[in-house]
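Coordinate inspection notes
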Amino acid sequence: MAVLGALSRYGDEPESFLPFVYGIAAHKVADHYRRAGRDRSDPSADVPDGIDLGASPEQLIMAADLRERLTALLGTLPPRQREILVLRLIVGLSAQETATAVGLTPTAVRVTQHRALAKLRNSLSHSEWV
């Protein structure tokens, strides 16, 4: 394509056509390698899920303990309250979206969420809450 675009600048000497084409090709190759040299990205087959900040073993154990405690707390709730809390707080759905998913009104979802959070708050000891 570059040769076709540059034909208007080419003179009519037949012996200079091949050097003309080689010159364009050489410049295109040089441009390619110059561009590749500036590209600092490193392609890979797998895209990472997130940034690995290198959590320490202590942080991993604390996260696992918190996960277990939250799972146990959610297990104390009735299934409807648990489902609404998961959809609202973990999945991040709005009250309207949650209401559509569980077959309630948005007001009923908010009331159920409030009651579930109050029940969880009451089941925690004072030291756990503060």
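In the block above lies the structure referred to throughout.
Residues numbered from 1 in each chain as written. Predicted model: local features only at pLDDT ≥ 70, side-chain atom pairs only at ≥ 80, totals over all residues. Heavy atoms only, no water.

**Topic: the pattern of salt bridges**
On inspection of all chains with the given rule, the structure shows one salt bridge. Linking Asp-31 and Arg-34 is a salt bridge whose minimum nitrogen-to-oxygen distance equals 2.7 Å. One end of the pair is Asp-31 and the other is Arg-34, both in helix 2 (residues 17–38) and three residues apart, which spans about a single turn. The class of Asp-31 is partly exposed, set by a relative accessible area of 28%. The class of Arg-34 is partly exposed, set by a relative accessible area of 47%. (Salt bridge = Lys/Arg side-chain N within 4 Å of Asp/Glu carboxyl O. Helix = DSSP H or I, 4+ residues; strand = E, 2+ residues; numbered from the N terminus. Buried < 20%, exposed > 50% of the residue type's maximum accessible area, 1.4 Å probe, protein only.)

**Side note on the environment of Leu-74**
Turning to its location among the elements, Leu-74 is positioned in helix 3 (residues 57–75). Along the primary structure Leu-74 and Leu-117 are separated by 43 residues, whereas in three dimensions their C-alpha atoms are 10.0 Å apart. Excluding its chain neighbours within four sequence positions, the residues that come into contact with Leu-74 are Arg-82, Leu-85 and Val-86. (Contact = heavy atoms within 4.5 Å.)

**Description of a nonpolar patch on the surface**
On the surface, a cluster of nonpolar side chains totalling about 470 Å² of accessible area is made up of Met-1, Leu-4, Leu-7 and Phe-17. Along the polypeptide, Leu-4 turns up in helix 1 (residues 2–6). (Patch = residues over 30% accessible without salt bridge, like charges linked within 9 Å, V, L, I, M, F, W, Y side chains within 5 Å. Areas by Shrake-Rupley, 256 points an atom, 1.4 Å probe, with all protein chains shown as cover.)

**A word on the packing of helix 4 (residues 79–91) against helix 6 (residues 106–123)**
Direction vectors running N to C along helix 4 and helix 6 enclose 100°, while the axes themselves pass 9 Å from each other. As the angle between them shows, helix 4 and helix 6 are arranged roughly perpendicular. Contact residues: helix 4 offers Gln-81, Ile-84, Leu-85, Arg-88 and Leu-89, while helix 6 offers Val-109, Thr-112, Gln-113, Arg-115, Ala-116, Leu-117, Lys-119 and Leu-120. Of the residues assigned to the contact of helix 4 with helix 6, the class counts are seven nonpolar, three polar and three charged. (Axes fitted to C-alpha atoms, helices over the stretch in contact; angles between N-to-C directions. Parallel < 35°, antiparallel > 145°, perpendicular 65-115°, else oblique. Nonpolar A, V, L, I, M, F, W, Y, C, P; charged D, E, K, R; others polar.)

**Topic: the packing of helix 5 (residues 95–102) against helix 6**
Contact geometry for helix 5 and helix 6: axes closest at 8 Å, N-to-C directions at 100°. When the axes of helix 5 and helix 6 are compared, the pair comes out roughly perpendicular. Residues Ala-95, Gln-96, Thr-98, Ala-99 and Val-102 of helix 5 lie in contact with helix 6, whose contacting residues are Pro-106, Val-109 and Arg-110. Residues belonging to the contact of helix 5 with helix 6 are distributed by class as follows: five nonpolar, two polar and one charged.

**Structural notes on the side chain of Thr-112**
The topology assignment puts Thr-112 in helix 6. Leave out the neighbours within four places in its chain, and Thr-112 touches Gln-81 and Ile-84.

**Describing the nonpolar core**
Core analysis: the largest hydrophobic core is formed by five residues, namely Ile-84, Leu-87, Ala-99, Val-102 and Val-109. Looking at this core, the elements with two or more residues in it are helix 4 and helix 5. Residue contacts for Leu-87: discarding those within four places in its chain leaves Gly-92, Leu-93, Thr-98, Ala-101 and Val-102. (Core = buried A, V, L, I, M, F, W, Y, C linked by side-chain atoms within 4.5 Å.)

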